[in-house]
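# Understanding the architecture of this molecule
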Amino acid sequence: MKTLIITGPSGSGKSFLSNKLLNLFQDTIIIKTDSYYKDSKFIKFLSIFVRDIYDRPVSIKRKELVNNLKSINNKSRVINSYYYDFKKRRSLNRRLNLNYEVEDQLLIIEGIFAHRLDIDYQNTINIICEENKQICFKRRLIRDQKERGRSVNEVKEKFSKSWYLFYQNIEEYKKKYETIKVNPLKKNSYDKLVIKLIKSHKKTKKNK
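Predicted model, so just to flag it, every value in this text is computed and none were measured.

Parameters at a glance
- Residues numbered from 1 in each chain as written.
- Predicted model: local features only at pLDDT ≥ 70, side-chain atom pairs only at ≥ 80, totals over all residues.
- Heavy atoms only, no water.
- Helix = DSSP H or I, 4+ residues; strand = E, 2+ residues; numbered from the N terminus.
- Buried < 20%, exposed > 50% of the residue type's maximum accessible area, 1.4 Å probe, protein only.
- Contact = heavy atoms within 4.5 Å.
- Phe/Tyr/Trp six-rings, centres within 6.5 Å; stacked < 30°, edge-to-face > 60°.
- Lys NZ or Arg CZ within 6 Å of the ring centre and 35° of its normal.

### Re the environment of Arg90
Within the fold, Arg90 resides in strand S4 (residues 90-97). For Arg90, a relative accessible area of 44% translates into the label partly exposed. Residues Arg90 and Asp39, spaced 51 residues apart in sequence, show a C-alpha to C-alpha distance of 5.5 Å. Ignoring anything within four residues of it in the chain, the contact list for Arg90 reads Asp39, Tyr83, Tyr84 and Asp85.

Pasting the structure below:
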């Protein structure tokens, strides 16, 4: 199984890219890091004093996420996953039934924390989505108002902090691992990524 890491700042097109690849490569599995947000009383209490707590890895169930990734790589047919309800700020259990019938299946780990998990990034395809900051903000504003019930001022504050935190931590990742920069909405950029993925599939088949 080939693992893709898709990270990028808020509104950069991570989910859009993941869904495009899902439609292109059969039986792709997508794991979203923001499905693993904690909803404990402690993290909610902490959020009162640390306003950007949900833009930091401490806010997600990292252990459970990593254990699920290990289960997928071991080809477990069923895993206990999560879904986070942003309006109610509740973490809900979700059972995933998985299929491993396709050769060279893709596993996509997507989210602003995708590059900050306890996994081997030397053996993953590491993709960073990039887009103009103003465009990213407009996307985030539409999404958060519609799906998360947030005000314009709240979105502005959260977006600014998340943007800063992402770029504060991405440089070390880029220095340590080979990365591919992609703008999902630019055809040329997207096509180059798809060509690399197809070539990677062919190499895997030759080595078997």
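Text resumes after the structure shown.
### Description of unusual backbone geometry
Its identity is not glycine, yet Asp27 carries a phi of approximately 55°, on the positive side. Along the chain, the position of Asp27 falls in the loop between helix H1 (14-24) and strand S2 (29-32). Residues other than glycine seldom take positive phi values, yet Lys75 does so here, at roughly 65°. Within the secondary structure layout, Lys75 lies in the loop between helix H3 (62-73) and strand S3 (78-85).

### A word on the packing of aromatic side chains
Aromatic ring pairs are defined here through the distance separating the ring centres and the angle between the ring planes. Counted according to the given criterion, the structure contains 14 aromatic pairs. Both rings, one in Tyr121 and one in Tyr173, keep their centres 5.4 Å apart while their planes meet at 85°; by these two values the pair is edge-to-face. Of the two residues, Tyr121 is situated in the loop between strand S5 (106-110) and strand S6 (125-129) and Tyr173 in helix H5 (residues 152-176); the sequence distance between them amounts to 52 residues. Both residues of the pair, Tyr121 and Tyr173, count as buried. Between Tyr173 and Tyr177, the aromatic rings sit 5.6 Å apart at their centres with planes inclined by 55°, giving tilted as the arrangement. Grouping residues by exposure puts Tyr173 and Tyr177 together as buried. By way of ring pairs, the aromatic residues Tyr37, Tyr54, Tyr84, Phe86 and Phe113 are connected into one cluster. In this structure, Lys20 packs its charged tip against the face of Tyr190, placed 3.8 Å from the ring centre. Here Arg148 stacks its cationic end above the ring of Phe86, 3.5 Å away from the centre of that ring.

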